[in-house]
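Coordinate analysis (summary)
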Amino acid sequence: MPSPIGHAIAGVIAGSLVSPPRVDRVRTIAAYAAAGMAADLDLLVGAHSGPSHGIGAALVVGVVSWLMLRRTHARRAIAACAIAMAYASHTLLDWLGTDSSPPIGIMALWPFSHQYYESPWHVFMAISRRYWLPEFWTVNLIALGRELLILVPLVAIVLTIRRQSISAV
Ligand SMILES: [Zn+2]
C-alpha cells in the first residue's frame, strides 16, 4: 500500500480534476490531500483496509462534505464531489498497491461487498510499518521514490491545466 505522501498527492490530483473553477487556494489543496490520506485513519482502531477503504465511505464523505459546505460554498455540490473523489483516490491507489499483510487487498466495494480486492498490477510498493527491521528505511525510501516518480508528473500536469483553464476564463 502506498505511503501517506503518495495518498496526499493522489488526493490533490483527484480533487483538482473536479474542483470548482477558481477554487485553487492552498486550503483547498490541503483539504484534498487530507481527504486522500483519511482512509488510513482506520489504523488507529486496528481495522485497516476495511470499510473506510470502500466506495461507500467515499459517498459518506461526499454527503458529509456537502452538508458541511451548505452555507459557506456557492458550488457546494461540485466541491463535495471533489472531496469525495480525493477520498476515493485512496481506494484506487491501495488497490494498485502491493499488500504484504493479511487480509490482502481492500474492501473496495463496501458496503456492497465485504470481499477484499487487490489489483493484479502492483504499481505501488508496500510501505513497511515494521520500524524495528533494518531494511525499514531503505524499503520505504525506494517505495516513496517510485510513488513520486509516478504521481508528481501527474499532479504537475493536472494543476498546470487547471491554472491555464482558470486564467482563460
Ligand atoms: Zn489505505
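Overview of the structure. Residue numbers here run from 1 along each chain, matching the order of that chain's written sequence. Local features in this predicted model are restricted to residues whose pLDDT is 70 or higher, and side-chain atom pairs enter the listing and the counts only when it is 80 or higher, whereas totals over whole chains, interfaces and linings include all residues. Values shown for side chains rest on all heavy atoms present in the structure; no hydrogens or waters enter the calculation.

Some thoughts on the side chain of D94
What counts is decided by this rule: Working definition: helices are DSSP H or I runs of at least four residues, strands are E runs of at least two. Numbering for both runs from the N terminus. Residue burial is assigned from relative accessible area. The probe radius is 1.4 Å, only protein chains are included, and a residue is buried under 20% of its type maximum, exposed over 50%, and partly exposed in between. Within this scheme the basic residues Lys and Arg register as positive and the acidic residues Asp and Glu register as negative, but His and the chain ends are omitted. Salt bridge, as applied in this entry: a Lys or Arg side-chain nitrogen positioned within 4 Å of an Asp or Glu carboxyl oxygen. Contact between two residues is taken to exist if any of their heavy atoms lie within 4.5 Å; hydrogens are not considered.
Inspection of the secondary structure assignment puts D94 in helix α4 (residues 76–95). At 8.2 Å, R129 is the nearest oppositely charged side chain to D94, a buried residue that forms no salt bridge. When sequence neighbours within four positions are dropped, the list of residues in contact with D94 reads M1, P2, H7, D40, H53 and I106.

Some points on the nonpolar core
Rules: Each nonpolar core is a collection of buried residues, namely Ala, Val, Leu, Ile, Met, Phe, Trp, Tyr and Cys, held together in the definition by side-chain atoms within 4.5 Å.
Core analysis: the biggest nonpolar cluster contains 24 residues, and V12, I13, Y32, Y87, L151 and V155 have the highest contact counts within it. The set of elements that each furnish at least two residues to this core consists of α1 (4–18), α2 (26–37), α3 (55–68), α4 and α5 (136–168). The residues touching Y87, leaving out its near neighbours within four places in the chain, are A35, G36, A38, A39, S52, A57, A58 and V61.

A short note on the packing of aromatic side chains
Our working definition: Only the six-membered ring of Trp is used, alongside the rings of Phe and Tyr, when aromatic pairs are assigned; centres must lie within 6.5 Å, and planes under 30 degrees apart are stacked while those over 60 apart are edge-to-face, with the rest tilted.
Enumeration according to the criterion identifies 3 aromatic pairs in this entry. Seen in terms of ring centroids, W95 and W121 are 6.1 Å apart; in terms of plane orientation they differ by 80°. Their pairing is edge-to-face. Taken together, the residues span a long stretch of sequence, with W95 in helix α4 and W121 in the loop between α4 and α5 at a distance of 26 residues. Taking 5.2 Å as the distance between ring centres and 85° as the angle between the ring planes, the aromatic pair formed by F136 and W137 counts as edge-to-face.

Side note on the packing of α1 against α5
Stated formally: For every element, the axis is a line fit to its C-alpha atoms; helices are fit only across the contacting stretch, and the angle between N-to-C directions ranges from 0 to 180 degrees. Roughly parallel covers angles under 35 degrees, roughly antiparallel covers those over 145, roughly perpendicular covers 65 to 115, and oblique covers all other angles. Each crossing gets its handedness from the near helix: less than a right angle anticlockwise from the far helix is left-handed, clockwise is right-handed. Just so you know the grouping, Ala, Val, Leu, Ile, Met, Phe, Trp, Tyr, Cys and Pro go in nonpolar, Asp, Glu, Lys and Arg go in charged, and all remaining residues, Gly too, go in polar.
It is at 9 Å that the axes of α1 and α5 come closest, and there the two elements cross at 20°. Looking at the two axes, α1 sits roughly parallel to α5. Of the two elements, α1 crosses α5, and the hand of that crossing is left-handed. Contact residues: I5, G6, I9, V12, I13, S16 and L17 in α1; L144, E147, L148, L151, V152, L154, V155, V158, L159 and R162 in α5. Considered class by class, the residues forming the contact of α1 with α5 number 13 nonpolar, 2 polar and 2 charged.

Side note on the coordination of the zinc ion
Condition: Atoms are scored as donors when they are N, O or S and lie within 2.8 Å of the metal, with 3.2 Å used for Na, K and Ca; no water is included, so coordination may look incomplete. Here a site with four donors is tetrahedral if all angles are between 85 and 135 degrees, and a site with four or six donors is square planar or octahedral if opposite donors are over 155 degrees apart and the other angles are between 65 and 115; anything else gets the irregular label.
D40 (OD), H53 (NE2), H90 (NE2) and D94 (OD) make up the full set of protein donors to the zinc ion, lying at 2.0 to 2.1 Å. Angles of 90 to 173° at the metal separate the 4 donor atoms of the zinc ion, which places the site in the irregular class. In primary-sequence terms, the residues that donate to the zinc ion follow D-x12-H-x36-H-x3-D. Remark: D94 occurs in helix α4 and H53 occurs in the loop between α2 and α3; sequence separation between them is 41 residues. Since its relative accessible area comes to 0%, H53 is described here as buried.

Keep in mind these numbers describe shape, not what the thing actually does.
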